[in-house]
Amino acid sequence: MVLPTAISFVCGVILRLALFRSSLPDWLSTKTEVVTPLTSWGRAMEGLALHREGISPYSGDIFHESPLMLKILGFISRFSPNTINLIFVLLDIIQGMILLRIANTFGRHMLLRQATSVKNYHPDAKKNLLRKEDLMDLQFYVTVAFSFNPYSIATCLARSTAVFNNIILLLALYQMLKGNSFLSAVFVALAAYISMYPIILCVPVAVHYFLMSRKGGMHYTDPTAVVSYLQILGVTFVSLAIMLLFSMLFVGSWEFIPSTYGFILGVPDLTPNLGLFWYFFTEMFEHFRTFFICVFQINVVIYTIPLAIRLREHPTFLFYMLLYTIGIFKSYPGYGDVGLMFALLPLWKHVYQYMRNTFVTVCMFLVCTVFAPIQYYLWIYAGSANANFYFAISLAFSTAQILMATDLLFGFLKREFYLHNGDKHKLPDGTDAQIILDS
Amino acid sequence: MPGRRWITTIISLGHAAQTFLITINSKVQHYHLFPKSLGDVLTTYKVKELHLSQTQGLWKHEKWGYPPEDAPPGDELWVWFQPHSGVDQTWADLVNALSGLFCASLNFMDSKSTVQPRWSFRPAGLASEFYSANSRFVRYSTLPREVVCTENLTPWKKLLPCGSKIGLASLLNSVKIYDGFYHSLGVHVRSVCQDTQCLTPATELKQTLTVVYDPTTNKNGKQDWSFQSMFDRTLQSQCPLADTRKIYVDVTTQETLPKFSLSPVPDFVLNQKRSGEERKIAVYQIGNHLSPSSLNLKAMYEEKLTFSNSSLPPVYANRFVTGYGLERGGVTCMIYNTMSSNTTVIFMETVPWFLRVYFSSLRIENDGKEIKPYKINFIPAKDRANPYQMELVFRLFANSVTKITYSFERAFLKWTEYPPDANHGFYVSSAVVSTVLPVASQYTATSQSVSLLEESFSDSSSSFFLRLHTETLLVSLPTPDFSMPYNVICLACTVVAIAFGSLHNLTTRDFTASDPSKRKGLVAKLKSFFKKEKESPENKPDSKEEEIPSQKDKDNSKSEEKDSKKKDGNSET
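Given the structure is predicted, the values throughout are model-derived calculations rather than measurements. (Residues numbered from 1 in each chain as written. Chains lettered and ligands numbered in written order. Predicted model: local features only at pLDDT ≥ 70, side-chain atom pairs only at ≥ 80, totals over all residues. Heavy atoms only, no water.)

A. Molecular detail of helix 1 (residues 36-44) of chain B. All names here are of chain B. The set of residues buried in helix 1 consists of L38, G39, V41 and L42. Seen end-on, helix 1 carries its buried residues on one side only, within an arc spanning 160°. Contacts made by the buried residues of helix 1 are with strand 3 (47-56), helix 3 (87-102), strand 7 (182-193) and strand 8 (201-213). (Buried < 20%, exposed > 50% of the residue type's maximum accessible area, 1.4 Å probe, protein only. Helix = DSSP H or I, 4+ residues; strand = E, 2+ residues; numbered from the N terminus. Arc of directions from axis to C-beta. Contact = heavy atoms within 4.5 Å.)

What follows is the structure, encoded as structure tokens:
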């Protein structure tokens, strides 16, 4: 499996390099589905130009990156445009390498977990167990999913700064799978520093840490368990505080906070994108604006608690589901988040057979991806459509992502049910019983 | 010493400009001639200098030269305050008071359109060096969308000492004035020296009205004009409160083509020399011409109008929007220098916050070569708080065109922030070009150091301050669908509910195996609910043995309804 993996990886790199030579990068960097006010390279360059002139980039409302990103982007922007393109391809290569390692470690991690919990399984479930042979080709599928994923390619070509966010999230996942929970918590804090919402990922890291160090039949609410959660949370928040302090020292004041976190929370910029926020708050009555901002922001993070309780035995899947909720409901979503979701999807290919809506979901994704730039063009340039067309596409795209997330969760839970209870359920009279969700 | 003057200039072939200038000098708080309404406002809000102009139309510099007072289309207000704290609040109160005084929507000049220019709008009157270098006390704002009409002329006339019944102001017929190409009302208050020793400052109020007519219409191509044809009235009286009551007609071109003659004959003809430029001014003392009948000043041309190229002014500018689509665009300003010497200009722009200007795209080019400005003052905008402010100081090379370009991105506003006609577009204020000219060609303004027009006829200065305003811009923004608020809220909340419902189901419920035949359809469930209430004590031991009946999951309820209806009777026993 090494050769096909290597070939697909190299093909992905060559594809990105080839596409950088075309006019696609310039077109993509203007597309609002790919770049948002938070991740746009053009805006980052504008902030750097102001910074070089001696004007604080946070005094205006164009630049919304955190000070650490300001420094990194300042370093990158000093090179020539061709070198900058190469740097973005290099960042994608790094992302691909981390994904390979994740696929590798994930396989081993799943086999270990399975070995410890196989005693709880139903005897009939033996054929549903994961085998080493199945997990060997995980690397290949993950590489293919990342290299030829149009969303990841678009994010790379548009020079969106979401690649940094994705790399840090993947590093957090990797360290979590390897067992370095404290390092994973530090990466979660770094991701939260850059885009705020990943702070909720400290919950799966804490649960994973507890599960790794669990002895005997310790329950989730035991005092020692709570102590371990607090350790992880403490590491996360302390690292975040240190990063904020360094940023304050770099910028010289706290003025970057309203421009970065205040911007993410308050959503003042209503640039169209594939999310739910922009048109909703365009057409919102002023009187209710604060209320609905609070509702929508709570909606992003609220799913942590029920998902954590339901998926307490599977913190990696919880991590992945939380990536979904962040990517769908955040205030300025883009293709960077979607690309990350698709790149990690092959890790759960053993769940695919239990999913119900794959055809509908794939069709919705294809249609929305093709239609979005067309409707945007018709509205903004041709003048023959209006904002509702693009809004419809954004609703359909969000629905497609939601269907994929909930279908995956459904399939996962159903597989767990079959593992624990066997897959043959017969009624007293010999006919097949139905498996339904019930309270 | 109030003075009234009237200047008539033929500014270009085919157009006649009339400027009506009234200057009042008075001691502070001495309301003998100074209008009390304006004086009260000035003292309450600690105003040191005030310049308000209300203009309709665009002054074409390349055809008409320079007006006595340059003004942008719409309303422009710039004020220097006495040093005190809380200038922002004072400014907000002042614009509200002025909007009532002048019947204009000056109250819209809030923080979203107000800037503090650093170099472009220094005090025009007495001010110390330290005070004028500090831009803390100056505020500048424009309303390019504002329309000027009779409602604005009336309060302007009310400020005059003699009102509008006698004197030159009686000529101002609003029907005729607002028929012209361009009309501009101006109110300028500044501090000047009271006498040559300059021990105490006095407040000077200068009111100007500039109108541009086209006298050739309806005249068989001849550009004859008279008071009767321009204002539908003749001058019948003079204001007794005025010290100087004169009419000036620029007759520099009287002997050359096109030849014209004035009637009645002027009292005398002055020569105005200004840095090499000579002009001949015919002077009329109004008092000499009022009896026996009213004064109807006429100019009669010998031949019909023939158009030819006029000479270009030393510095003029053009500005326009570039690009297509509703996403982004650019602004280009071309500044022309027709003199044979270099000159330095200060270029000021105020751009509203919703056109996000990219500072990295700002370029100044001359003939393809990039020019680096001497100084740049760029203050980026904060959304819904303050506008973009840009001031550039750079050099204009002789006999060349300098091009200033920058690009912007159009923002998407909230639906309540669009004006009633959303697709009309949004206006961007004029850019201001300030420079000092070494020659006074086509320059008609009074010099800054004097109050009266006559004093500038023997002007020996070698530098002339010039301020130009460019065109305003009209930019369209992408609009949402204004009829959709409820629909949008419902649809977006539906998508959130899909996620919430599915995740809620999956996290709060467990999988169980159940008998599909035991599941009931909706009708049967309702029936069993009512029956259970009647038979509850009897059914309790039975219900424990049965499979757990499903209550809420309707996924398969419709398909099983037929089956369950058949087995209804069986399942309830």
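B. Focus on the sheet that holds strand 11 (residues 260-263) of chain B. All names here are of chain B. Pairing is antiparallel in the open sheet, where three strands are placed in the order 9-14-11. Sheet topology places strand 9 (225-226) and strand 11 at the edges, where each strand pairs with a single neighbour. Here strand 9 runs beside strand 14 (residues 298-301); their pairing, made up of two bridges, is antiparallel. Across the sheet, the residue bridging to W225 is A299, located in strand 14. (Pairing = 2+ DSSP bridges.)

C. Quick look at the sheet that holds strand 25 (residues 432-437) of chain B. All names here are of chain B. Here five strands make up an open sheet; going across it, the order is 21-22-17-25-26 and the pairing antiparallel. Among the strands making up the open sheet, the edge pair consists of strand 21 (375-379) and strand 26 (464-469). Neighbour-to-neighbour, the strand axes of the sheet open up by a mean angle of 15°, direction not taken into account. Pairing geometry for strand 17 (residues 343-351) and strand 22 (residues 388-396), over nine bridges, is antiparallel. Along strand 22, the bridge assignment pairs F347 with L392. (Axes fitted to C-alpha atoms, helices over the stretch in contact; angles between N-to-C directions.)

D. Structural context of the environment of S331(A). Residue and element names in this part refer to chain A. Of note, S331 is situated in the loop between helix 17 (315-329) and helix 18 (335-344). A relative accessible area of 2% places S331 in the buried class. With residues near it in sequence (within four places) discarded, S331 still touches Y197, I264, V267, N273, F277 and Q297. Of the polar contacts made by the side chain of S331, one reaches the side chain of Y197; its length is 3.2 Å. At 3.0 Å, the side chain of S331 forms a polar contact with the backbone oxygen of I264. (Polar contact = N/O pair within 3.5 Å; in protein donor to acceptor, adjacent residues only side chain to side chain.)

E. Quick peek at the confidence of the model for chain B. Residues and elements named next belong to chain B. Across chain B, the average pLDDT comes to 82, with 82% of residues at or above 70. Confidence over residues 539-573 falls short of pLDDT 50; this stretch has 34 contacts with residues more than four positions distant or in other chains. Complex prediction metrics read pTM 0.87 and ipTM 0.92. (pLDDT = per-residue confidence, 0-100.)

F. Just the side chain of T406(A), in detail. Turning to its location among the elements, T406(A) is positioned in helix 20 (residues 387-421). A polar atom in the side chain of T406(A) sits 3.2 Å from the backbone oxygen of L403(A).

G. Geometry of the pairing of strand 3 of chain B. Residue and element names in this part refer to chain B. For strand 3, the tally of buried residues reaches nine of 10 residues, placing the bulk of the element in the interior. For strand 3 and strand 7, the ladder comprises seven bridges, and the chain directions are antiparallel. If you follow T55 over to strand 7, its bridge partner there is S184.

H. How the structure looks around the interface of chain A and chain B. With 68 residues of chain A in contact, the opposing surface of chain B contributes 60 residues. Around 5900 Å² of area is buried between chain A and chain B when both sides are counted, 64% of it from carbon and sulfur atoms. Two residues, D269(A) and R356(B), come together in a salt bridge whose shortest N-O distance is 3.6 Å. Inspection of the chain A/chain B interface yields 17 residue pairs in polar contact (both at pLDDT 80 or more). Within the residue set of the side of chain A that touches chain B, elements represented by two or more residues are helix 3 (41-53), helix 14 (277-282), helix 15 (289-302), helix 16 (304-310), helix 17, helix 19 (358-382), helix 20 and strand 1 (434-438) of chain A. The element best represented in the side of chain A that touches chain B is helix 20 of chain A, accounting for 13 residues. In the side of chain A that touches chain B, the residues fall into 38 nonpolar, 17 polar and 13 charged. (Buried area = accessible area lost by both parts, 1.4 Å probe. Salt bridge = Lys/Arg side-chain N within 4 Å of Asp/Glu carboxyl O. Nonpolar A, V, L, I, M, F, W, Y, C, P; charged D, E, K, R; others polar.)

I. View of the state of the cysteines. Residue and element names in this part refer to chain B. Applying the stated criterion to the full structure yields one disulfide over all chains. Note on cysteine connectivity: C193 is disulfide-linked to C198, with sulfurs 1.8 Å apart. One disulfide, between C193 and C198, carries an S-S torsion of -70° and so falls in the left-handed class. When its relative accessible area of 30% is taken as the criterion, C198 is described as partly exposed. Cysteine C490 is unpaired, with the sulfur of C493 as its nearest cysteine sulfur at 7.2 Å. The partly exposed category is assigned to C490, whose relative accessible area is 32%. (Disulfide = S-S within 2.5 Å.)

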